[in-house]
Amino acid sequence: MTDDINKKVIDIFSSRNKSSVKYYAGFSYVKLGRDSNGKKFNAEHLTQYAQKCHYIVRVMREINDEVYLYSYDVPNSELFKFIKSFENNTLDGTIIEIDKYFPEDLA
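Please read these numbers as outputs of a predicted model, since none were measured by experiment.

Novice: Just to check I follow, could you spell out the pairing of strand 3 (residues 54–63) for this structure?
Specialist: Residues in a regular strand point their side chains to alternate faces of the sheet. Alignment of strand 3 against strand 4 (residues 66–75), held across 10 bridges, turns out to be antiparallel. Residue pairing across strands places V57 opposite Y72, the latter belonging to strand 4. Following strand 3, the chain reverses through 2 residues before pairing antiparallel with strand 4; N64 in that reversal takes a positive phi of roughly 50°. Taken together, the 7 bridges between strand 3 and strand 5 (residues 94–101) define a ladder with antiparallel strand orientation. Across the sheet, the residue bridging to I56 is D99, located in strand 5.

If you want it as structure tokens, here you go:
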């Protein structure tokens, strides 16, 4: 799955000419107006998709000279709050990986 995601990310940036890759607030981005089928995006559909989405956030912590990996289940609506908690020192550690999943897809 990670290889598929890596390929999609690389395709987003490499399949565009260099002038379409923009840089803002310290990050590179590409603005998309249509999906992979050429259809315009629908705000209602994207919002419904986001509401169903969860993330598994893996965080590394070192405790008493041992390394532990914590996996958090974070709903899409809470993702920014979760990440902000590291800045506010509510949570500590190093975010190692963030994977998207849909709970209803689990068997």
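Novice: Before we go on, may I ask you to explain the nonpolar core in this structure?
Specialist: Counting residues in hydrophobic clusters, the biggest one holds 9 residues: C53, Y55, V57, V59, V74, L79, F82, F86 and F102. Elements represented by at least two residues in this core include exactly strand 3 and helix 3 (79–87). Those residues in contact with V59 that lie beyond four places of it in its chain are Y68, L69, Y70, Y72, F82, F86, D92, G93, T94, I95 and I96.

Calculation criteria
- Residues numbered from 1 in each chain as written.
- Predicted model: local features only at pLDDT ≥ 70, side-chain atom pairs only at ≥ 80, totals over all residues.
- Heavy atoms only, no water.
- Pairing = 2+ DSSP bridges.
- Helix = DSSP H or I, 4+ residues; strand = E, 2+ residues; numbered from the N terminus.
- Core = buried A, V, L, I, M, F, W, Y, C linked by side-chain atoms within 4.5 Å.
- Buried < 20%, exposed > 50% of the residue type's maximum accessible area, 1.4 Å probe, protein only.
- Contact = heavy atoms within 4.5 Å.

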